[in-house]
Amino acid sequence: MTLLPDSNTFLTPAMTYYAFDICGSYWSWIAQAAATGDVKSISPVKRELRQKDDQIRNWIDMHGSDIFMPDDSAVTNTMAQVATWAGSNGYTPAAVAEFLGKADSYLVAYAMLGGHQIVTLEVGAPAAKSKIKIPDAANAHGISTITPYQMLRQHGVYF
C-alpha cells in the first residue's frame, strides 16, 4: 500500500519540527521512500506546495519527479463519487467548494482508485459542517489515514 502525503505533511514539518536545517533525515527518507514506491503524492499537492518560492519548492524541484505521480484521467470516476458525497452530507456550499477546489478531494479520489493510505496532520471533525476534513472524507470512502509520525513508525524510521 502506497502512502499519499497531504500538503500539510510537507509544510508543517518544514516550518517547524523537521525543518530542513535541523532534520534533513526526514526529507532524505521521504525521497528514498518515494524512489521505492512506498510514498508517493499527487500533482494537485505538488501544485499547492510550489506556490511559494521557498525551501519546499526547491526540494520539490530536486526530488519531485520521484515523489509526485502525474495526473491520472482514471481518477475522474472516483472524483465524481467524492464530489457527490461532499455535496450530499450537509456541508455548507463554501465547505464543499473549498474541499473540491483543493488537493484534499483528489487525495481521497486517488486513494480510492489505488487502494492507498493518506498521510495527514488533519484531525477528523465529523460533526462540523463548515469544513470538510480529509479524515472524514477518507473514512466515508473506506480509506484510512495516518499521521506523519505513524508513517515513520510504520516504516521503522528513527532519527
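As shown above, the structure is provided for reference.
Residues numbered from 1 in each chain as written. Predicted model: local features only at pLDDT ≥ 70, side-chain atom pairs only at ≥ 80, totals over all residues. Heavy atoms only, no water.

A. Region of the structure containing the overall build of the protein chain. If you tally the helices and strands in the protein chain, you get nine helices and five strands. Taken from N to C terminus, the helices and strands of the protein chain fall in the order β-α-α-β-α-α-β-α-α-α-β-α-β-α. What you see for the protein chain is a C-alpha radius of gyration of 15 Å, in line with the 15 Å of a compact globule of 159 residues. Here the C-alpha coordinates of the protein chain stretch approximately 45 × 30 × 30 Å along the principal axes. Classification of the 159 residues of the protein chain by burial places 46% in the buried group. Look at the contacts in the protein chain between residues 6 or more apart in sequence, and 74% of them connect residues 24 or more apart. (Helix = DSSP H or I, 4+ residues; strand = E, 2+ residues; numbered from the N terminus. Rg over C-alpha atoms; globule rule 2.2 N^0.38 Å. Buried < 20%, exposed > 50% of the residue type's maximum accessible area, 1.4 Å probe, protein only. Contact = heavy atoms within 4.5 Å.)

B. Representation of the packing of aromatic side chains within the structure. On inspection of all chains with the given rule, the structure shows eleven aromatic pairs. Residues Phe10 and Trp59 carry aromatic rings whose centres are separated by 6.2 Å and whose planes lie at 45 degrees to one another, so their mutual orientation is tilted. Of this pair, Phe10 sits in helix H1 (residues 7–15) while Trp59 sits in helix H4 (residues 55–67), and the two are 49 residues apart along the sequence. A residue is classified by how much of its surface remains accessible, and Phe10, at 1% relative accessible area, is buried. Ring geometry for Tyr18 against Phe159: centres 5.6 Å apart, planes inclined by 75 degrees, an arrangement best described as edge-to-face. Of the two residues, Tyr18 sits in the loop between H1 and helix H2 (24–36) while Phe159 sits in the segment after helix H9 (148–154), which places them 141 residues apart along the sequence. Tyr18 gets classed as buried once you look at its relative accessible area, which sits at 13%. Three or more aromatic residues link up through ring pairs in this structure, and these residues are Phe10, Tyr17, Tyr18, Phe20, Tyr26, Trp27, Trp59, Phe68, Tyr149 and Phe159. Positioned above the aromatic ring of Tyr91, the side-chain terminus of Lys129 is 4.7 Å from the ring centre. (Phe/Tyr/Trp six-rings, centres within 6.5 Å; stacked < 30°, edge-to-face > 60°. Lys NZ or Arg CZ within 6 Å of the ring centre and 35° of its normal.)

C. How the structure looks around the side chain of Ser41. In this structure, Ser41 sits in strand E2 (residues 41–42). Overall, Ser41 belongs to the buried group, its relative accessible area being 0%. A polar side-chain atom of Ser41 sits 2.8 Å from the main-chain carbonyl oxygen of Pro5. (Polar contact = N/O pair within 3.5 Å; in protein donor to acceptor, adjacent residues only side chain to side chain.)

D. Up close: the packing of H1 against H4. The N-to-C vectors of H1 and H4 enclose an angle of 145 degrees; their axes lie 13 Å apart at closest approach. Of the two possible hands of crossing, H1 and H4 adopt the one that is right-handed. In contact with Phe10, Leu11 and Ala14 of H1, H4 contributes Ile56, Trp59 and Ile67. Looking at side-chain class alone, the contact of H1 with H4 contains six nonpolar, no polar and no charged residues. (Axes fitted to C-alpha atoms, helices over the stretch in contact; angles between N-to-C directions. Left-handed = near helix turned anticlockwise from the far one by under 90°. Nonpolar A, V, L, I, M, F, W, Y, C, P; charged D, E, K, R; others polar.)

E. Molecular detail of the side chain of Ser105. Within the element layout of this structure, Ser105 appears in helix H7 (residues 103–114). Note on Ser105: relative accessible area 0%, which makes it buried. A distance of 3.2 Å separates the side chain of Ser105 from the backbone oxygen of Phe99, its partner in a polar contact. Residues contacting Ser105, with those up to four places away along its chain left out, are Met79, Val82, Phe99 and Leu100.

F. Structural context of the pattern of salt bridges. The tally for this structure, following the rule as stated, stands at five salt bridges. Measuring nitrogen to oxygen at the nearest pair gives 3.4 Å for the salt bridge that ties Arg47 to Asp71. Placement of the pair is Arg47 in helix H3 (residues 43–49) and Asp71 in the loop between strand E3 (68–69) and helix H5 (75–87), with a sequence separation of 24 residues. Salt-bridge contacts for Arg50 lead to Asp61; the nearest nitrogen and oxygen are separated by 2.7 Å. (Salt bridge = Lys/Arg side-chain N within 4 Å of Asp/Glu carboxyl O.)

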